[in-house]
Amino acid sequence: MKKICVIGLGYIGLPTAVMFANHGYQVLGVDVSERAINLLSKGQVHIEEPGLQGYLNNALEQGTFTVSTTPEEADMFIVAVPSPITAEKTADMKYIESATASIVPFLKKGNLVVLESTVPPRTVMDVMIPILEQSKLEMGIELFISHSPERVIPGKVFEELVNNSRIIGGFNLESAERTKEFYQSFVKGEFHITDVTTAEMVKVIENTFRDVNIAFANELAKMSENLGVNAWEAISLANHHPRVNIHYPGPGVGGHCIAVDPWFLVEKQSELAKIIYLSRVTNDGMPKFTVEKILEISRLNQIDNPRVCVLGLTFKANIDDIRESPSMDIVKQLSHEDIDLVSFDPHVKENKVPSQTQGFDEAITDSDIVVILTNHDYFTKINPHNIAELMNHPIVLDTKNAIDRKQWEDAGFTVYKLGDGKGNPVQ
Ligand code: SAJ
């Protein structure tokens, strides 16, 4: 049985590792976090992802998955570590560098190294190859290297791991073909083979496309409020055109991918990446826009010192991930205002901010304004009649078009929606 060593057991590395362990490979999962390794060795997952526990249980039962804080010899090494940005919005390569260096002592002739992390174009050639050359193996002949970027969406990781098409950028053709051989054990989508730097570019521009498109939607939302138009309706009608696909507005763009990757392009060529830069700034400005809206609503309704109940702390619906979440930014900004703040998220089981509570009723009770920041199913299913009576003032600001305006108005609520100029008194 061939052996795979996966470096980094986060949101991508762990699902990928257990997937291979369920498809005919012996897998060693490596992470620097002792907490993650301890939990996993007891069969417990440290991240929330539908299906993950089942795949892990199965691999552990079959004995095809083990974990450690240090790598071992293997046939293939997968690097799936974070590639965040610094405060100066430049790529922080330290995890890629240390993960690559950590496998060098274990590399043998015929091995394959695959980078899955999203990185600035040229990282494999300029950062990884010089480190891998320390193995004294000849690149592309004795050691094979490729970049096969992960493209799965949190919440649907296992479905997308199997069904999405897969880009493989090889150092040379043989590297790409060897990579395909491993992944085709479970990938049903098409394989597209290219060179490493193009593969890096493809991954980064996919997320940048989404960021630019969301920035466009956010701009439309602000304009729609002034024009007496409901942006959500306008965008969905425009999307009936066969060649239009506008994304949706919201309180900001979060996560460790879309809010990060466009900077990899801006950093390299800021004089050229103008639309990309402006989109980042537009999306990063949405938390402030949302906070100003909340303050304006309390002024309009003449509520001094309002009790504001924020619903949703994760960066998007039905996941537990709060990384780069616009909600966290909004909560932080609100904590500096003259308001009584309470926050709740059914997916975030440990309190992450002082305002957070684990009880929904406790969060809602006596509040003046409820602000929906994440469209968790939990929130879209709220019966407004049940909560109206718990509140001081039944006012709601919906930033994700998560609730039905009429249903909430019938329950006595004053309803504000981000991007909805119709029936929106904030004009
Ligand atoms: N968002 C909007 N409006 C929209 C869509 C999203 O405001 O119309 C916001 C979300 O609320 C969230 C953020 O954007 O805060 C990002 O969410 P997302 O669902 O668009 O993307 P991620 O970050 O979960 O996953 C993306 C995916 N990339 C693309 O769809 C091109 C995924 O396929 C990648 O694998 C992932 O980035 C990654 O790891 O790079």
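Just so we're clear, the structure is a prediction, and the values are computed from it rather than from any experiment.

A. Molecular detail of the nonpolar core. Residues Ile4, Phe20, Val27, Phe65 and Tyr183 are the most contacted members of the largest nonpolar core, which totals 37 residues. No other element matches helix 1 (residues 13–21), which puts 6 residues into this core. Each residue touching valine 27, except ones within four places of it in the same chain, is listed here: Ile4, Val6, Ala17, Phe20, Ala21, Thr64, Phe65 and Thr66. Counting residues in hydrophobic clusters, the runner-up holds 35 residues, among them Ile7, Met128, Trp263 and Ile276.

B. Geometry of the sheet that holds strand 8 (residues 191–195). Spatially, 3-2-1-4-5-6-7-8 is the arrangement adopted by the 8 strands of the open sheet, whose pairing is mixed. In the strand order of this sheet, the two ends are held by strand 3 (65–68) and strand 8, each with one partner. Direction aside, the axes of adjacent strands within the sheet are offset by 25° on average. Sheet topology places strand 2 (residues 26–30) next to strand 3; 4 bridges connect them, and they run parallel. Looking at strand 3, one finds that glycine 29 is bridged to valine 67.

C. Structural view of helix 9 (residues 231–238). Every buried residue belonging to helix 9 is among Ala231, Trp232 and Ile235, and all of these are buried. Burial along helix 9 is one-sided: seen end-on, the buried residues are contained in an arc of 100°. Capping the start of helix 9, asparagine 230 holds a side-chain oxygen 2.9 Å from the backbone nitrogen of tryptophan 232, two or three residues further along.

D. Layout of the packing of aromatic side chains. In this structure the tally under the stated criterion is 14 aromatic pairs. An aromatic cluster is present here, built from Phe20, Tyr25, Phe182, Tyr183 and Phe186 joined pairwise through their rings. The cationic tip of lysine 222 hangs over the ring face of phenylalanine 289; the distance from NZ or CZ to the ring centre is 5.4 Å.

E. Spatial organisation of the site of the ligand. Taken together, 20 residues sit near the ligand, with Glu150, Lys203, Asn207, Arg210 and Tyr248 positioned nearest. In the model, an oxygen atom of the ligand is placed 2.5 Å from a nitrogen or oxygen of the lysine 203 side chain. Within the contact set of the ligand, an oxygen atom lies 3.1 Å away from a side-chain nitrogen or oxygen of lysine 400. Contact with the protein chains removes 88% of the 770 Å² of surface that the ligand exposes when unbound. Split into classes, the residues belonging to the shell around the ligand amount to 9 nonpolar, 4 polar and 7 charged.

F. Looking closely at the pairing of strand 6 (residues 143–147). Burial analysis of strand 6 places 5 of its 5 residues in the buried class, the great majority of the element. Covered by surrounding structure in strand 6 are Leu143, Ile145 and His147 together with Phe144 and Ser146, the residues of both alternating faces. Pairing analysis gives 5 bridges linking strand 5 (residues 111–115) to strand 6, with the strands arranged parallel. Paired with asparagine 111 across the bridge in strand 6 is leucine 143. Here 2 bridges tie strand 6 to strand 7 (residues 166–170), and the two strands are oriented antiparallel to one another. Each bridged residue has a counterpart across the sheet, and for serine 146 the counterpart in strand 7 is glycine 170.

G. Fine view of unusual backbone geometry. The residue glutamine 302 is not glycine, and still its phi comes out positive at about 50°. Inspection of the secondary structure puts glutamine 302 in the loop between helix 12 (286–300) and strand 9 (307–311). Here asparagine 318, not a glycine, exhibits a phi torsion of approximately 60°, which is positive. Mapped onto the elements, asparagine 318 comes out in the loop between strand 9 and helix 13 (326–335).

H. Region of the structure containing the side chain of aspartate 31. By the element assignment, aspartate 31 lies in the loop between strand 2 and helix 2 (34–41). For aspartate 31, which is buried and forms no salt bridge, the nearest opposite charge comes from arginine 35, at a distance of 9.2 Å. A distance of 2.8 Å separates the side chain of aspartate 31 from the backbone nitrogen of leucine 9, its partner in a polar contact. Not counting the four nearest positions on each side in its chain, aspartate 31 is found in contact with Gly8, Leu9, Gly10, Ile37, Ser68 and Thr69.

I. Just a nonpolar patch on the surface, in detail. Together, Met223, Leu227 and Val229 give the surface a local cluster of nonpolar side chains, amounting to about 270 Å² of exposed area. Inspection of the secondary structure assignment puts valine 229 in the loop between helix 8 (196–227) and helix 9.

J. Here's a closer look at the side chain of threonine 314. Note that threonine 314 resides in the loop between strand 9 and helix 13. Residues within four places of threonine 314 in sequence aside, it is in contact with Ile319, Asp320, Asp321, Ile322, Ser325, Ser327, Asp345, His347, Val348, Thr374 and His376.

Criteria and cut-off values
- Residues numbered from 1 in each chain as written.
- Predicted model: local features only at pLDDT ≥ 70, side-chain atom pairs only at ≥ 80, totals over all residues.
- Heavy atoms only, no water.
- Core = buried A, V, L, I, M, F, W, Y, C linked by side-chain atoms within 4.5 Å.
- Buried < 20%, exposed > 50% of the residue type's maximum accessible area, 1.4 Å probe, protein only.
- Helix = DSSP H or I, 4+ residues; strand = E, 2+ residues; numbered from the N terminus.
- Contact = heavy atoms within 4.5 Å.
- Pairing = 2+ DSSP bridges.
- Axes fitted to C-alpha atoms, helices over the stretch in contact; angles between N-to-C directions.
- Arc of directions from axis to C-beta.
- Polar contact = N/O pair within 3.5 Å; in protein donor to acceptor, adjacent residues only side chain to side chain.
- Phe/Tyr/Trp six-rings, centres within 6.5 Å; stacked < 30°, edge-to-face > 60°.
- Lys NZ or Arg CZ within 6 Å of the ring centre and 35° of its normal.
- Near = heavy atom within 4 Å.
- Areas by Shrake-Rupley, 256 points an atom, 1.4 Å probe, with all protein chains shown as cover.
- Nonpolar A, V, L, I, M, F, W, Y, C, P; charged D, E, K, R; others polar.
- Lys, Arg positive; Asp, Glu negative; His and termini not counted.
- Salt bridge = Lys/Arg side-chain N within 4 Å of Asp/Glu carboxyl O.
- Patch = residues over 30% accessible without salt bridge, like charges linked within 9 Å, V, L, I, M, F, W, Y side chains within 5 Å.

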